Amino acid sequence: MAPIVSMVSPTREVRLEVSPASAYVDEEVRICLSGLPPGQGAVLRAKTQDDENRCWSSHAEFRADASGRVDSAKQESIGGGYRGVSPMGLFWSMQFTGEHADGRAMFAKSDPSANAVTIEAEVDGRVVGSAQLERIFLAAGTRTRDLDIRDGAGVETAGGHAPGLPQG
């Protein structure tokens, strides 16, 4: 996926780069914003939906380095859903944003298809770049099946439960 290009000022070209454009959920994604004035504040946002069509989002605040660049893998988030350096912070800090969000919701994923995630870069309250990536849950050709683990798996010991399994 080609980076999205937009303008912050008539003399600067701002580029949002997200790579790779398609990545496994356990694979690091690189999110970089370049072309900013040194020290410029910027917000990176991530949005997706789970398999129940519920919206999840996150954001992190950064300051451009001396070369006018924000790199979420190398720079510290100074605000938002997480603080510190975390290349995948925008993903693990996502929160359910629905009407009944209570901080305890679980991301619903029952379909093995990939999830689309939209990344936006914002400067001074204005969106200056947007890109979409695909988060893959299963490799091509992977077969899945449900497991039926019965109480004690049919094996009993003198204590009445299967060896190695907690009672209850």
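This structure is a prediction, so every number in the text was calculated from the model and none was measured.

Chemist: Mind laying out the packing of aromatic side chains, listing which residues take part and the relevant values?
Modeler: Taken as a whole, this structure holds three aromatic pairs when the rule is applied. An angle of 45 degrees between the planes, with centres 5.7 Å apart, marks the rings of tryptophan 56 and phenylalanine 96 as tilted. Here tryptophan 56, found in strand β6 (residues 55-63), pairs with phenylalanine 96, found in strand β9 (residues 95-96); they are 40 residues apart in sequence, far enough to count as distant. Residue classification places phenylalanine 96 among the buried positions, given a relative accessible area of 17%. For the pair tyrosine 82 and tryptophan 92, a centre-to-centre distance of 5.5 Å together with 50 degrees between the ring planes defines the contact as tilted. Separated by 10 residues along the polypeptide, tyrosine 82 in the loop between β8 (79-80) and α1 (89-92) and tryptophan 92 in helix α1 bring together distant segments of the chain. Judged by its relative accessible area of 4%, tyrosine 82 falls in the buried class. Each member of the aromatic cluster is reached from another via a ring pair, and the members are Trp56, Phe96 and Phe107. One residue, arginine 54, lies across the ring of phenylalanine 96, its end atom 4.9 Å from the ring centre. Above the face of the phenylalanine 91 ring, arginine 135 is positioned so that its terminal group lies 4.4 Å from the ring centre.

Chemist: So, the pairing of β6: which residues are in play, and what are the values?
Modeler: Burial along β6 is one-sided: Trp56, Ser58, Ala60 and Phe62 are buried, and none of Cys55, Ser57, His59, Glu61 and Arg63, which face the opposite way, are. Adjacent in sequence and paired antiparallel, strand β5 (residues 41-49) and β6 are bridged by five residues, among which asparagine 53 carries a positive phi angle near 60 degrees. Inspection of the sheet shows β6 paired to β9 by two bridges, in the antiparallel sense. Counted as the bridge partner of tryptophan 56 is phenylalanine 96 from β9. Direction of pairing for β6 relative to β8: antiparallel, over a ladder of two bridges. The residue of β8 that forms the bridge with glutamate 61 is glycine 79.

Chemist: An account of a nonpolar patch on the surface is needed here, citing residue identities and associated values.
Modeler: Together, Val25, Phe107, Phe137 and Leu138 make up a nonpolar patch on the protein surface, roughly 280 Å² of accessible area in all. Topologically, leucine 138 is positioned in the segment after β11 (126-136). Residue classification places leucine 138 among the partly exposed positions, given a relative accessible area of 32%.

Chemist: Kindly report on the pairing of β5, identifying the contributing residues and their values.
Modeler: Strand direction decides the pairing type here: β5 and β6, joined by nine bridges, are antiparallel. Residue pairing in the sheet places threonine 48 in a bridge with tryptophan 56 of β6. Bridge count for β5 against strand β10 (residues 115-123) is five bridges, and the pairing is antiparallel. Residue pairing across strands places leucine 44 opposite alanine 121, the latter belonging to β10.

Chemist: Please give an account of unusual backbone geometry that cites residues and values.
Modeler: Along the chain, serine 19 connects to proline 20 via a cis peptide bond; the corresponding omega equals -5 degrees. In this structure, proline 20 sits in the loop between β2 (12-19) and β3 (22-24). The backbone of asparagine 53 shows a phi angle near 60 degrees, a positive value even though the residue is not glycine. Summarising the element assignment, asparagine 53 is placed in the loop between β5 and β6.

Rules used in this analysis
Residues numbered from 1 in each chain as written. Predicted model: local features only at pLDDT ≥ 70, side-chain atom pairs only at ≥ 80, totals over all residues. Heavy atoms only, no water. Phe/Tyr/Trp six-rings, centres within 6.5 Å; stacked < 30°, edge-to-face > 60°. Helix = DSSP H or I, 4+ residues; strand = E, 2+ residues; numbered from the N terminus. Buried < 20%, exposed > 50% of the residue type's maximum accessible area, 1.4 Å probe, protein only. Lys NZ or Arg CZ within 6 Å of the ring centre and 35° of its normal. Pairing = 2+ DSSP bridges. Patch = residues over 30% accessible without salt bridge, like charges linked within 9 Å, V, L, I, M, F, W, Y side chains within 5 Å. Areas by Shrake-Rupley, 256 points an atom, 1.4 Å probe, with all protein chains shown as cover. Salt bridge = Lys/Arg side-chain N within 4 Å of Asp/Glu carboxyl O.

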